[in-house]
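Close look at the chain arrangement
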Amino acid sequence: MEFNLIKKITSILLSTVFLLTACTGGTAEIDGAGTGEKNNNETFTIGISQFIEHPALDASRQGFIDEMNTQGVDVKFLVQNAQGDITNARMISEKFVKDDVDLIFSIATLSSQSAKQAIKGTDIPMVFTAVTDPVFSQLVSDINVTDNNITGVVDAAPVKENLELFKDLKKDIKTIGIIYNTGESNSEVQVNKAREEAEKIGLEIEPVGISSINDIPQALDTISKKSEGLYIITDNMVASSMPLVAELAKEKGLPTVSADGTHVDKGILVSKGISFYEIGRQSADIAKQILVDKTNISEIPVQHSDRIEKKVNGETMKALGLTKDNDAFQGAEFVD
Amino acid sequence: MNTLILTSIEQGLIFAVLAIGVMITFKILDFADMSVEGTFPLGAFVFARFITQGVDPVTSTLAAFLFGSLAGLTTYILNIKLKIKALLSGILTMTILYSVNLRLNGKSNVALFEYSSIFDGVQVVVVLIIIAVAVKILMDIFLKTEIGYLLIATGDNETLVKSLGENSNKYKLIGLMLSNGLVALSGAMMAQYQGFAEITMGTGIIVVAIASVIVGDTILKNANLKNTTRAITGALAYKFIGAVAIDLGIDPTDLRAINAIIVIAFLSYNTFGPEMSKIKKRNRLEGAQC
């Protein structure tokens, strides 16, 4: 009788799994409700491959879906998340290939590199976003040339302009610190870019690397000793601990500049740069051109974000003893 | 289901080499070698270093194996010579390798799309089958040699080996170097397969490896299968289950949990399934005797 019970439990477990998958199978597929005029009667299937759960990446995904709906394109979205696992990212892309999707939208570098391998030998076009340097990651061979069915929107920030903001925030500033995850290639790219641009305007960059979130307090300590400001790059690890970074920087009296508006909501002083939601929307526009307008993808080179937004955190501003009429805050949206 | 099944077989074969390597330390030597998490990407980055310097893919892959075995040597030195506990030795090696991996190419992500690989011009799955089978056969032969037997003995009963007048440490060294060499080899294969070497490749790889070994142990428990065969089947089964989970199109946030649940269901059925029929048979026979 005992074993009958175990057999019962096992079969219940198995059937629960299959029930679950049957029920939730629908949630990963989103049917686009086209508002406004429909362009034509074609329904497209788009596979969305996101690398990891993360506010910025989630925003890009949402921006993409929203824009497709706004433009009235009839789309069935297959949304998959690799949960940070590279082998999953590959399997997700292969699944999209097997499902013969009309386009793959990949969010973040590792999902994009994995998708690139999967679409080899097929004619499925790929649009990426949330990638900082597609040439460095070899997604495209040249930033102005699209020759392998891959294009997209980069999340590169206006580095030089952001560094210049520091000069208005602190008189005679000489050294700016950057905290970054040594394990993220996009971050290395940004640190190097920052160094280049800083040199042009007579500033020095003092980067401090971390390999885990636990290293952050120490890193901020080091930065406060060697630098007079903190430049926040788009780094997944730093982004996920933004409230902590912002708080520590505020305590140490370091003015902080970022390229991502969502960071200002979490306490960073001022941001001038891209919105991940917007680059998602821009990517959707590219996808629409390829699918609906039947534009050849080779005519669409990689794009930079076409909208720069500026934001200031009022509380942090007061804590650092700065006022609204500071030059650095011209034309910015103030949040608390 | 075609490309998805193929992908799971391909990734399964790459992890099969990894599983054979981990089997040597975790299962045979009973040594919890955590350095695997650093050795897997080490193989990838060593390959990347060599291939970007113009060396051919085969030699670059073999170089990965070589450097992997050096990582095993490091863990050995920490454990045996510096008398640091096994678990910690592995962790220390893994930590050192993080920096080594970054230094090898000066970057955390090395794209390899523009370079040649061992898969050029041939079917990927064919090359992988050849490598996995070759590794298995060589390992089976090795385990039947005197050194191989003493290696197994060291894991089972170190005192016995010492009483035979043998230096058990020598076999630990051989085991660690062989194991990490295979793990690095697997990493180099993965780098060529996915098209890039990435510093986070090794995260969670121990879980994959151990799960593969355990799933392999549980499949056809009563059949007389070699350890190496079990490692290979385990890796293939584990990856296949993952592919099924993705293909079912479940809610992305549930992916990991569903993966684990399917493995649990699969293992439970395997554990209790065969015993069930045995019990039934016995009951039937006893009934007949009454």
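Residues numbered from 1 in each chain as written. Chains lettered and ligands numbered in written order. Predicted model: local features only at pLDDT ≥ 70, side-chain atom pairs only at ≥ 80, totals over all residues.

Helix and strand counts for chain A stand at 12 helices and 13 strands. Counting all 336 residues of chain A, 51% fall into the buried class. Across chain A, every contact between residues at least 6 apart in sequence was considered, and the portion connecting residues at least 24 apart equals 74%. (Helix = DSSP H or I, 4+ residues; strand = E, 2+ residues; numbered from the N terminus. Buried ≥ 20, exposed ≤ 12 C-beta atoms within 10 Å, placed from the backbone. Contact = placed C-beta atoms within 7 Å.)

In terms of helices and strands, chain B carries 11 helices and two strands. Each helix and strand of chain B, ordered N terminal to C terminal, gives the series α-α-α-α-β-α-α-α-α-β-α-α-α. Its C-alpha atoms give chain B a radius of gyration of 21 Å, near enough to 19 Å, the size a compact globule of 290 residues would have. Along the three orthogonal principal directions, the C-alpha set of chain B runs to about 80 × 55 × 35 Å. Within the span of chain B, comprising 290 residues, buried residues form 51% of the whole. Across chain B, contacts joining residues at least 24 apart in sequence account for 78% of those joining residues at least 6 apart. (Rg over C-alpha atoms; globule rule 2.2 N^0.38 Å.)

For sheets, the rule is that strands pair by backbone hydrogen bonds, running either parallel or antiparallel. Residue and element names in this part refer to chain A. Overall, mixed pairing links the seven strands, which are arranged E8-E7-E9-E10-E11-E12-E13 in an open sheet. Every other strand in the sheet has two partners, leaving strand E8 (204-210) and strand E13 (333-335) as the edge strands with one partner each. Strand-to-strand twist in this sheet, taken as the mean axis angle between neighbours without regard to direction, amounts to 25°. Taken together, the four bridges between strand E11 (residues 270-273) and strand E12 (residues 309-313) define a ladder with antiparallel strand orientation. Bridge assignment links Val 270 to a residue of E12, and that residue is Val 312. Sheet strands touched by helix H6 (residues 185-200): strand E7 (175-181), E8 and strand E9 (229-232). Its angle to E7, the strand with the most contacts, is close to 170°. Together, E7, E8 and E9 form the strand contacts of helix H7 (residues 216-226), whose direction differs from that of E8 by roughly 165°. (Pairing = 2+ DSSP bridges. Axes fitted to C-alpha atoms, helices over the stretch in contact; angles between N-to-C directions.)

It is generally the case that most residues other than glycine have a negative phi and that most peptide bonds are trans. Phi angles above zero are rare outside glycine, and Gln 83 of chain A is one such case at about 55°. For Gln 83 of chain A, a count of 17 C-beta atoms within 10 Å gives the class partly exposed. A positive phi angle, near 55°, is found at Lys 83 of chain B, a position not held by glycine.

Turning our attention to the packing of helix H3 (residues 57-81) of chain B against helix H4 (residues 86-105) of chain B. All names here are of chain B. Between H3 and H4, whose axes approach to 9 Å, the crossing angle comes to 135°. When the interaxial angle is binned, H3 and H4 end up oblique. As H3 packs across H4, the resulting crossing turns out to be right-handed. Of the residues in H4, those touching H3 at Ala 71, Thr 74, Thr 75, Leu 78 and Asn 79 are Ala 86, Ser 89, Gly 90, Leu 92, Thr 93 and Leu 97. By residue class, the composition of the contact of H3 with H4 is five nonpolar, six polar and no charged. (Parallel < 35°, antiparallel > 145°, perpendicular 65-115°, else oblique. Left-handed = near helix turned anticlockwise from the far one by under 90°. Nonpolar A, V, L, I, M, F, W, Y, C, P; charged D, E, K, R; others polar.)

It is worth spelling out the confidence of the model for chain A at this point. All names here are of chain A. Summary statistics for chain A give a mean pLDDT of 87 and a share of 88% for residues scoring 70 or more. At the low end of the mean pLDDT range in chain A sits helix H1 (residues 2-24), at 54; at the high end sits strand E4 (residues 103-107), at 97. Contacts from residues 21-27, a stretch scored under 50 in pLDDT, to residues over four places away or in other chains number nine contacts. (pLDDT = per-residue confidence, 0-100.)

Let's shift gears to the pairing of strand E6 (residues 150-154) of chain A. All names here are of chain A. Among the five residues in E6, five count as buried, and that is most of the element. Examined bridge by bridge, strand E5 (residues 126-131) and E6 share five bridges and lie parallel to one another. Bridging from a neighbouring strand, Val 127 pairs with Thr 151 of E6.

This part is about the domain arrangement of chain A. All names here are of chain A. When cut into domains, chain A gives domain 1 (32-155 + 277-299) and domain 2 (159-273 + 309-335). Taken over C-alpha atoms, the centre of domain 1 sits 30 Å from the centre of domain 2. Counting from both sides, the interface comprises eight residues of domain 1 and, opposite them, 10 residues of domain 2. Per-class residue counts for the side of domain 1 that touches domain 2 are three nonpolar, three polar and two charged. (Domains from an automatic or database assignment.)

Residues and elements named next belong to chain B. Taking 1.5 Å as the rise per residue, helix H9 (residues 205-218) with 14 residues should run 20 Å; its terminal C-alpha atoms sit 20 Å apart, in good agreement. Listing the buried residues of H9 in full gives Ile 205, Ile 206, Val 208, Ala 209, Ala 211, Ser 212, Val 213, Val 215 and Gly 216. Looking at the residues trailing H9, positive phi occurs at Leu 220, about 45°. (Expected span 1.5 Å × (residues − 1).)

As a further point, take the confidence of the model for chain B. Residue and element names in this part refer to chain B. Here chain B shows a mean pLDDT of 90. Residues at 70 or above account for 95%. At the low end of the mean pLDDT range in chain B sits helix H11 (residues 255-289), at 72; at the high end sits helix H2 (residues 36-52), at 97. Interface scoring of the predicted complex returns ipTM 0.83; its pTM is 0.83.

The subject of this paragraph is the nonpolar core. Grouped together as the largest cluster of nonpolar side chains are 181 residues, with contacts concentrated most on Ile 179 of chain A together with Ala 16 and Ala 19 of chain B. Shared between two domains, this core takes at least three residues from each, and those domains are domain 1 (32-155 + 277-299) and domain 2 (159-273 + 309-335) of chain A. Filtering out sequence-adjacent residues up to four positions away, Ala 16 of chain B remains in contact with Ala 132, Ala 231, Ile 232, Ala 235 and Leu 236 of chain B. (Core = buried A, V, L, I, M, F, W, Y, C linked by C-beta atoms within 7 Å.)

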